[in-house]
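Architecture at a glance
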Amino acid sequence: MKRGWIISLWCVLALMLSLIHAPVMFSPEIRKASLWIAFGFNLYLALEVLSVAGIWFLRWWGAYINLFIFFTECLGLIGNWFTGYSFKIALVHHGVGVLLIFLSHKRLRSGL
């Protein structure tokens, strides 16, 4: 199956937006806070990049990882309402990814 141009555009934009998290991982505040927080940020970035790669190759596992990240972002947004800080761009670009997955679910293939 051929990948649509809208999925290609979303994958490129999602990869650029997920790489915004990279400088946060190496900031002094994260290192001072805890090693587990740094591990969590690294794991989150790896899952975002893996999700984009899976959707780029039109695989179902990329869609599942993107759904997991989207729901994680939703839970994070609910938790951050109390602190006043939220990263809404990540929620929007993962939400658009979920919408694209549901619109083009017949193109996605199973397997590795």
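Refer to the structure above for everything that follows.
Described in the following lines is the structure provided in the data block. Predicted model only: the values in this text are computed from it and were never measured.

Thresholds applied
- Note that residues are indexed from 1 along each chain, following the sequence as it is written.
- Whole-chain, interface and lining totals are the exception, using all residues; otherwise, since this is a predicted model, local features are given only for residues with pLDDT of at least 70 and side-chain atom pairs are given and counted only at 80 or more.
- Hydrogens and waters are ignored; side-chain quantities use all the structure's heavy atoms.
- Residues enter patches when their relative accessible area tops 30% and they take part in no salt bridge; the joining distance is 9 Å for like charges and 5 Å for the nonpolar side chains Val, Leu, Ile, Met, Phe, Trp and Tyr.
- Here the open area of atoms and residues is found with the Shrake-Rupley method and a 1.4 Å probe, where only the protein chains shown may cover a residue.
- By definition, a salt bridge exists where a carboxyl oxygen of Asp or Glu is found within 4 Å of a side-chain nitrogen of Lys or Arg.
- Helix numbers and strand numbers start at the N terminus; a helix is a DSSP run of H or I with at least 4 residues, a strand a run of E with at least 2.
- In these notes, a set of buried Ala, Val, Leu, Ile, Met, Phe, Trp, Tyr and Cys residues joined through side-chain atoms within 4.5 Å is what counts as a nonpolar core.
- The classification of residues rests on relative accessible area computed with a 1.4 Å probe and restricted to protein chains. Under 20% of the type maximum is buried, over 50% is exposed, and intermediate values are partly exposed.
- It only takes one pair of heavy atoms within 4.5 Å for two residues to be counted as in contact.
- Only the six-membered ring of Trp is used, alongside the rings of Phe and Tyr, when aromatic pairs are assigned; centres must lie within 6.5 Å, and planes under 30 degrees apart are stacked while those over 60 apart are edge-to-face, with the rest tilted.
- Axes, fitted as lines to C-alpha atoms, cover a helix only where it is in contact. Angles between the N-to-C directions of the axes lie from 0 to 180 degrees.
- Roughly parallel means an angle under 35 degrees; roughly antiparallel, over 145; roughly perpendicular, 65 to 115; everything else is oblique.
- Each crossing gets its handedness from the near helix: less than a right angle anticlockwise from the far helix is left-handed, clockwise is right-handed.
- Polarity classes work like this: nonpolar for Ala, Val, Leu, Ile, Met, Phe, Trp, Tyr, Cys and Pro, charged for Asp, Glu, Lys and Arg, and polar for all others, with Gly in that last group.

1. Quick word on a nonpolar patch on the surface
Taken together, Trp-5, Ile-6, Leu-9, Val-12, Leu-13, Met-16, Trp-56 and Phe-57 make up a surface patch of nonpolar side chains, about 820 Å² in accessible area. For Trp-56, the location among the structural elements is in helix 4 (residues 35-56).

2. Some details on the nonpolar core
In summary, soluble globular proteins display a tendency toward joint burial of nonpolar side chains. The biggest cluster of nonpolar side chains holds 11 residues, and these are Ile-7, Trp-10, Cys-11, Ala-14, Val-52, Ile-55, Leu-58, Ala-63, Leu-100, Ile-101 and Leu-108. When residues of this core are traced back to their parent elements, those giving at least two are helix 1 (5-18), helix 4 and helix 6 (88-103). Here Leu-108 is in contact with Leu-58, Arg-59, Trp-60, Ala-63 and Ile-101, once residues within four sequence places are set aside.

3. As for unusual backbone geometry
Not every positive phi belongs to a glycine, and Leu-58 is a case in point at roughly 55 degrees. Checked against the element boundaries, Leu-58 lands in the loop between helix 4 and helix 5 (60-80).

4. Regarding the packing of aromatic side chains
How two aromatic rings sit relative to each other is set out by the distance from centre to centre and by the angle between their planes. Tallied over the full model, the rule gives 3 aromatic pairs. With centroids separated by 6.1 Å and ring planes inclined at 90 degrees, the aromatic side chains of Trp-36 and Phe-39 adopt a geometry described as edge-to-face. Of this pair, Trp-36 and Phe-39 are both found in helix 4, 3 residues apart, which corresponds to roughly one turn of the helix.

5. As for the packing of helix 1 against helix 4
Two quantities define a packed helix pair, namely the angle between the helix axes and the distance between the axes. The geometry of helix 1 relative to helix 4 is characterised by a closest axis approach of 10 Å and an angle of 165 degrees between their N-to-C directions. When the axis of helix 1 is compared with that of helix 4, the two are roughly antiparallel. Here helix 1 and helix 4 pass one another in a crossing that is left-handed. Only Leu-45, Glu-48, Val-49, Val-52, Ile-55 and Trp-56 of helix 4 make contact with helix 1, whose side of the interface consists of Ile-7, Ser-8, Trp-10, Cys-11, Val-12, Ala-14, Leu-15 and Ser-18. In terms of residue class, the contact of helix 1 with helix 4 is made up of 11 nonpolar, 2 polar and 1 charged.

6. Brief notes about the environment of Leu-13
Relative to the helices and strands, Leu-13 is located in helix 1. What makes Leu-13 partly exposed here is its relative accessible area of 41%. Sequence spacing of Leu-13 and Val-52 is 39 residues, and the spatial spacing of their C-alpha atoms is 9.7 Å.

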